[in-house]
Amino acid sequence: MSLKDAALKVRENAHAPYSNFKVGAAVLSGSGVVYSGCNVENVAYPEGTCAEAGAIAAMVAAGETELTEVYVVASSPRPVPPCGGCRQKLAEFGKADVVVTLATVDGHETTTTIGDLLPGAFDASFM
Ligand code: THU
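Draft legend 1. Just the site of the ligand, in detail. Lining the immediate surroundings of the ligand are Ser19, Phe21, Val23, Asn39, Glu41, Cys50, Ala51, Glu52, Val80, Pro81 and Pro82. Here an oxygen atom of the ligand and a backbone polar atom of Ala51 are 2.9 Å apart. Taking 370 Å² as the accessible area of the ligand by itself, protein coverage stands at 77%.

The structure is reproduced here in structure tokens:
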């Protein structure tokens, strides 16, 4: 399944009763497997998790730690960029040149990279 189809499909399972804003994300791993995740909200609002975090968690749980492409989709007027925390999470597992496609459910897409989303990222080289 393509990253786009996986992200659209998993988005339908999002648990977003508080924001009513469903998000789907899919990542392509170094071995070529597609992992997907959706946002999972909680009545204790800060406990909610983003779609990107879910997709990354699925990849890591399967034993992989490298992502090579990312796709994020939501129903919004224009493609939704990942939040700050998710940019850091993506940078943990993807190189700066990894392409991130942001999309709306009606097919508008924009592409960027992990490096452009998080310039000046903190990484292990500073430690
Ligand atoms: N959300 C994501 O899952 N990913 C994004 O890139 C942007 C925001 C979720 C978090 C929350 O459940 C809802 O969208 C509204 O912020």
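Draft legend 2. Examining the packing of aromatic side chains more closely. Overall, the coordinates contain 2 aromatic pairs when judged by the stated rule. Taking 6.1 Å as the distance between ring centres and 25° as the angle between the ring planes, the aromatic pair formed by Phe122 and Phe126 counts as stacked. Take Phe122 and Phe126: they sit in the same class, and that class is exposed.

Draft legend 3. How the structure looks around the pairing of strand E5 (residues 109-113). Of the strand pairs in this sheet, strand E4 (residues 99-104) and E5 are connected by 5 bridges, and their pairing is antiparallel. Residue Val99 lies in a different strand from E5, and its bridge partner there is Thr113. The turn linking E4 back onto E5 is made up of 4 residues, and Gly107 within it adopts a positive phi angle of 100°.

Draft legend 4. Layout of the environment of Asn42. Among the structural elements, Asn42 can be located in the loop between strand E2 (34-38) and helix H2 (51-61). Residues Asn42 and His15, spaced 27 residues apart in sequence, show a C-alpha to C-alpha distance of 8.3 Å. Within polar-contact distance, the side chain of Asn42 engages the backbone nitrogen of Ala44 at 2.8 Å.

Draft legend 5. Fine view of the sheet that holds E2. Strand order in the open sheet formed by 5 strands is E2-E1-E3-E4-E5, with mixed pairing between adjacent strands. A single partner strand is all that each edge strand has here, and the edge strands are E2 and E5. The average angle at which neighbouring strand axes cross in this sheet is 20°, direction not considered. Helix H1 (residues 3-11) contacts strand E1 (23-29), E2, strand E3 (67-74) and E5 of the sheet and is inclined by roughly 145° relative to E1. Sitting on the sheet, H2 is in contact with E1, E2 and E3, with an inclination near 140° to E2.

About the criteria used
- Residues numbered from 1 in each chain as written.
- Predicted model: local features only at pLDDT ≥ 70, side-chain atom pairs only at ≥ 80, totals over all residues.
- Heavy atoms only, no water.
- Near = heavy atom within 4 Å.
- Polar contact = N/O pair within 3.5 Å; in protein donor to acceptor, adjacent residues only side chain to side chain.
- Areas by Shrake-Rupley, 256 points an atom, 1.4 Å probe, with all protein chains shown as cover.
- Phe/Tyr/Trp six-rings, centres within 6.5 Å; stacked < 30°, edge-to-face > 60°.
- Buried < 20%, exposed > 50% of the residue type's maximum accessible area, 1.4 Å probe, protein only.
- Pairing = 2+ DSSP bridges.
- Helix = DSSP H or I, 4+ residues; strand = E, 2+ residues; numbered from the N terminus.
- Axes fitted to C-alpha atoms, helices over the stretch in contact; angles between N-to-C directions.
- Contact = heavy atoms within 4.5 Å.

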